[in-house]
Amino acid sequence: MTTPALTHDSASPLYRQLMQRLRADISGGVYPAHSRIPSEQELCETYGVSRVTVRKALGELTQEGLLKRQQGKGTFVCIPRLYSDLKDVNSFHAACRLMGCQPGARLIHAQLVRAGEEDLGKLGCPDPQVVEITRLRLADDMPVMLETNRFPLSYAWLLEETLSGSLYALLEARGILASRGIHEISLTYATAAQARLLTVDPGSALMRLDQVIYDQHDRPLHTSHQVIRGDRFTFQI
């Protein structure tokens, strides 16, 4: 099958047209993660463009993190990063679906734990215990983040649910909607236990996200503590 040529008289520069073609081929599975894309010369011949155009397109896609160049070996497709806009309260499942990835979760533990001062302050609940759910979040079966959510004791019913899917879907089924959040982002370093779960080296730099999420009535719904692989997940602010 002949590859349609780029439009030389288009208002869109040729390198941008080539970027769009390569993005479409990557998202469509023509070039899956870790695969090598055609060489610069092959791209020049396929699309009828100059090497300067090809290099600019590849350079832009490399800066975006979609491609990675390996000296002497070629240009390869990177594992796609997930993006989440902190202005919107979206579940990890929703972020995966938007990026065309298969979301997953491995339950580490789900239990009642003693409430601390932080729980009292952020959740505003005087209960002696809170519900704690810790899960390893996966995208296409690859670890992305280790997440611990704490809910008021009134959400103890969550412990009876299957927790391998979206918590927000379970909540929405009972008419409870996450509407907004307060976020704090910082840098942390992987402990031995975190490194084992996230498949990174101990001491590796990780993003840390602490949140307080509120429901549609502006009541504290849960807190969230996440340690995240920065090479797999990006936040938009």
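As shown above, the structure is provided for reference.
Overview of the structure.

What counts, and at which threshold
- Residues numbered from 1 in each chain as written.
- Predicted model: local features only at pLDDT ≥ 70, side-chain atom pairs only at ≥ 80, totals over all residues.
- Heavy atoms only, no water.
- 1 Å grid on protein atoms, 1.4 Å probe; cavity = no way out; pocket = protein on both sides within 12 Å on 5 of 7 lines; lining within 4 Å.
- Points joined across faces, edges and corners; volume = space filled by probe spheres on them.
- Helix = DSSP H or I, 4+ residues; strand = E, 2+ residues; numbered from the N terminus.
- Nonpolar A, V, L, I, M, F, W, Y, C, P; charged D, E, K, R; others polar.
- Core = buried A, V, L, I, M, F, W, Y, C linked by side-chain atoms within 4.5 Å.
- Buried < 20%, exposed > 50% of the residue type's maximum accessible area, 1.4 Å probe, protein only.
- Contact = heavy atoms within 4.5 Å.
- Polar contact = N/O pair within 3.5 Å; in protein donor to acceptor, adjacent residues only side chain to side chain.
- Pairing = 2+ DSSP bridges.
- Phe/Tyr/Trp six-rings, centres within 6.5 Å; stacked < 30°, edge-to-face > 60°.

1. Observations regarding the layout of surface pockets
The gaps left among the atoms become clear once a water-sized probe is rolled over them. Counted as a void, the second largest pocket has a volume near 200 Å³. Glu118, Asp119, Lys122, Glu132, Thr148, Arg150, Arg208, Asp210, Gln211, Thr223, Ser224 and His225 together form the lining of the second largest pocket. Counting only elements with at least two residues in the lining of the second largest pocket, the list comes to helix H5 (117-123), strand S6 (142-151), strand S8 (205-215) and strand S9 (220-228). Classifying every residue of the lining of the second largest pocket gives no nonpolar, five polar and seven charged.

2. A closer look at the nonpolar core
Core analysis: the largest hydrophobic core is formed by 19 residues, its most contacted members being Leu18, Leu22, Ile37, Leu43, Val54, Leu58 and Leu67. Those elements giving two or more residues to this core turn out to be helix H1 (14-27), helix H2 (40-47) and helix H3 (51-63). The dominant element in this core, judged by the number of residues it contributes, is H1, at five residues. Beyond its immediate sequence surroundings of up to four residues, Leu22 is in contact with Tyr31, Leu43, Leu58 and Leu61. Counting 14 residues, the second-largest nonpolar core is a separate cluster that includes Tyr155, Trp157, Tyr168 and Ile213.

3. Observations concerning the side chain of Ser166
Of note, Ser166 is situated in the loop between S6 and helix H6 (167-172). A distance of 3.3 Å separates a polar side-chain atom of Ser166 from the backbone nitrogen of Tyr168. Within the structure, the side chain of Ser166 is placed 3.1 Å from the backbone nitrogen of Ala169, a separation counted as a polar contact.

4. With respect to the pairing of strand S1 (residues 67-70)
With four bridges connecting them, S1 and strand S2 (residues 74-77) associate as antiparallel partners. Bridging from a neighbouring strand, Lys68 pairs with Phe76 of S2. A loop of three residues connects S1 with S2, the two strands running antiparallel in sequence, and Gly72 in this loop sits at a positive phi of about 80 degrees.

5. Quick notes on the packing of aromatic side chains
Under the defined criterion, the tally for this structure stands at two aromatic pairs. Centre to centre, the rings of Phe151 and Tyr155 are 5.6 Å apart; their planes meet at 45 degrees, and the pair counts as tilted. Given a relative accessible area of 10%, Tyr155 falls into the buried group. Each ring, one from Tyr155 and one from Trp157, has its centre 6.3 Å from the other, and the planes form 40 degrees; the classification is tilted. According to the relative accessible area criterion, Trp157 is buried, its value standing at 16%. Here a set of aromatic residues connected by ring pairs shows up, and it is made of Phe151, Tyr155 and Trp157.

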